[in-house]
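# Fold and contact review
Residue-level listing of the chains:
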Amino acid sequence: MIHEDIARLLIHSENLTEIPRTGYVLEGVADAEKVSSHCFGVIFLVMLISKHIDGVDESKALKMAVIHDLPESVIGDLTPSASNFLDKKSIEKKVASDILPNHEDLLELFLEYQKNETADAKLVHDADKLQMMIRANRYKRQKKGDMDRFYGVKFHYSIFNDILSSFINLDGEKNIK
């Protein structure tokens, strides 16, 4: 039944409101951003930037951004260093398959995101990284921990470097218009 299927997906999305971003917790941030907040930031960035990158299907990229961290509702937020001990991609693929059995279109988007070969997937990956760096910059400015490990990522699209530089220059100013 469709209403039960939607209710199950809502439970997963609600779980994301309670799961902290592990990397920030490991750096000592007591009130670390939740995965759902991170996802909103990624979605917002995709919406703002998609029209500036050739070959991007905004609607598809937005859907991809919405579901890109959905498996974390089951497995939590695994840091990149966890990949030294487990196959994060395989685990996330299995979880996505388990929680999206009646949504083949969403599962295909998730798998496309994982492969990171299309313009849409590269945009979402870049937005994912940029949002992380924006949050890390804010925590650094607020002296909430050592955020150096969050810097130095490479983007597919140069617009993301420009936005990050502008954000760092503007963040914390009193009269942003």
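These notes cover the structure that comes with them. This structure is a prediction, so every number in the text was calculated from the model and none was measured. (Residues numbered from 1 in each chain as written. Predicted model: local features only at pLDDT ≥ 70, side-chain atom pairs only at ≥ 80, totals over all residues. Heavy atoms only, no water.)

### Topic: the overall build of the protein chain
The following threshold applies: Elements are defined by DSSP. Helices are runs of H or I of four residues or more, strands are runs of E of two residues or more, and each kind is numbered from the N terminus. For the radius of gyration, the atom set is restricted to C-alpha positions; the globular benchmark scales as 2.2 Å times the number of residues to the power 0.38. The classification of residues rests on relative accessible area computed with a 1.4 Å probe and restricted to protein chains. Under 20% of the type maximum is buried, over 50% is exposed, and intermediate values are partly exposed. Residue contacts follow a heavy-atom distance rule, with two residues in contact if any of their heavy atoms lie within 4.5 Å. What sets the accessible areas is the Shrake-Rupley method with a 1.4 Å probe; for residues, cover comes only from the shown protein chains. We treat Lys and Arg as the positive residues and Asp and Glu as the negative residues; His and chain ends play no part in the count. A single reference atom marks each charge: NZ on Lys, CZ on Arg, CG on Asp, CD on Glu.
Each helix and strand counted, the protein chain has nine helices and zero strands in total. Reading the secondary structure of the protein chain in the N-to-C direction produces α-α-α-α-α-α-α-α-α. Against the globule reference of 16 Å for 177 residues, the protein chain gives a C-alpha radius of gyration of 16 Å, in line with a compact fold. With the C-alpha coordinates of the protein chain rotated into their principal frame, the extents come out at 50 × 40 × 35 Å. Burial status across the protein chain gives 42% buried among its 177 residues. The long-range fraction of contacts in the protein chain, counting pairs at least 24 apart against all pairs at least 6 apart in sequence, stands at 67%. Looking at the protein chain as shown, the accessible area adds up to about 10100 Å², and 55% of this sits on carbon and sulfur atoms. The distance from the centre of the 23 positive side-chain charges to the centre of the 29 negative ones in the protein chain is 6 Å.

### A closer look at unusual backbone geometry
Its identity as a non-glycine residue notwithstanding, N116 has a phi of 55°, on the positive side. Within the secondary structure, N116 is located in the loop between helix 7 (104-115) and helix 8 (119-141).

### Brief notes about the packing of helix 6 (residues 88-99) against helix 7
Any two packed helices are characterised by how steeply their axes cross, that is the angle between the axes, and by the distance between the axes. Operational definition: Every axis corresponds to a line fitted to the C-alpha atoms, with the helix fit spanning only the stretch in contact, and the corresponding angles, defined between N-to-C directions, vary from 0 to 180 degrees. Between 65 and 115 degrees an angle is taken as roughly perpendicular, under 35 as roughly parallel, over 145 as roughly antiparallel, and anywhere else as oblique.
Direction vectors running N to C along helix 6 and helix 7 enclose 170°, while the axes themselves pass 10 Å from each other. Classified by the angle between their axes, helix 6 and helix 7 sit roughly antiparallel to one another. Note on element contacts: helix 7 touches helix 6 through L107, F110, L111 and Q114, opposite K89, E92, K93, A96 and S97.

### Comments concerning the packing of helix 4 (residues 58-67) against helix 7
In plain terms, the rule: Polar here means any residue outside two lists: the nonpolar Ala, Val, Leu, Ile, Met, Phe, Trp, Tyr, Cys and Pro, and the charged Asp, Glu, Lys and Arg; Gly therefore counts as polar.
Interaxial distance between helix 4 and helix 7 falls to 9 Å at its minimum, and their mutual angle equals 85°. In this view, helix 4 runs roughly perpendicular relative to helix 7, as classed from their interaxial angle. Of the residues in helix 7, those in contact with K60, K63, M64 and I67 of helix 4 are L106, L109, F110, E112 and Y113. Of the residues belonging to the contact of helix 4 with helix 7, the class tally is six nonpolar, no polar and three charged.

### Regarding the pattern of salt bridges
Just so we agree on the cut-off: We count a salt bridge whenever a side-chain nitrogen from Lys or Arg sits within 4 Å of a carboxyl oxygen from Asp or Glu.
Going through the model one piece at a time under the given rule, you end up with twelve salt bridges. The closest approach of N and O atoms between K60 and D120, which form a salt bridge, is 3.5 Å. Residue K60 is found in helix 4, and its partner D120 is found in helix 8; the two are separated by 60 residues along the sequence. Within the structure, one salt-bridge network assembled from shared partners comprises R21, E33, D77 and R135.

### With respect to helix 1 (residues 2-15)
Spelled out, the test is: The span one expects for a helix is its residue count, reduced by one, times 1.5 Å. Think of the arc as the fan of directions from the helix axis to the C-beta atoms.
If you check helix 1, its first and last C-alpha atoms are 20 Å apart, about what 14 residues at 1.5 Å a residue would give, namely 20 Å. For helix 1, the full list of buried residues reads D5, L9 and H12. Across the axial projection of helix 1, the buried residues extend over an arc of 50°, all falling on one side. Across helix 1 from its buried face, at more than 90 degrees, point the exposed residues H3 and I11. For helix 1, the secondary structure elements touched by its buried residues are helix 5 (72-75) and helix 6.

### Topic: the packing of aromatic side chains
Note the following rule: Geometry of aromatic contacts follows a simple scheme: Phe, Tyr and Trp rings, the Trp one being its six-membered ring, pair when their centres are within 6.5 Å, and the pair is stacked under 30 degrees between planes, edge-to-face over 60, tilted otherwise. Put simply, a charge is over a ring when the Lys NZ or the Arg CZ is close to the ring centre, within 6 Å, and near the line of the ring normal, within 35 degrees.
Per the stated rule, a full pass over the model turns up five aromatic pairs. Taking the centre distance of 5.0 Å and the plane angle of 80° together, the rings of Y24 and Y139 count as edge-to-face. With Y24 in helix 2 (residues 22-26) and Y139 in helix 8, this residue pair connects regions lying 115 residues apart in the sequence. Of the two residues examined, Y24 and Y139, each falls in the buried class. Considering the side-chain rings of Y24 and F150, the 4.9 Å spacing of their centres and the 40° angle between planes classify their relative orientation as tilted. Separated by 126 residues along the polypeptide, Y24 in helix 2 and F150 in the loop between helix 8 and helix 9 (159-170) bring together distant segments of the chain. Across the pair, exposure class does not vary: Y24 and F150 are buried alike. An aromatic cluster is defined as three or more aromatic residues linked by ring pairs; in this entry it consists of Y24, Y139 and F150. Here the guanidinium or amino end of R135 rests over the ring plane of Y139, the centre of that ring lying 5.2 Å away. The positively charged end of K140 is found above the aromatic ring belonging to Y151, 5.4 Å away from the centroid.

Limitation: the analysis is restricted to geometry and does not speak to function.
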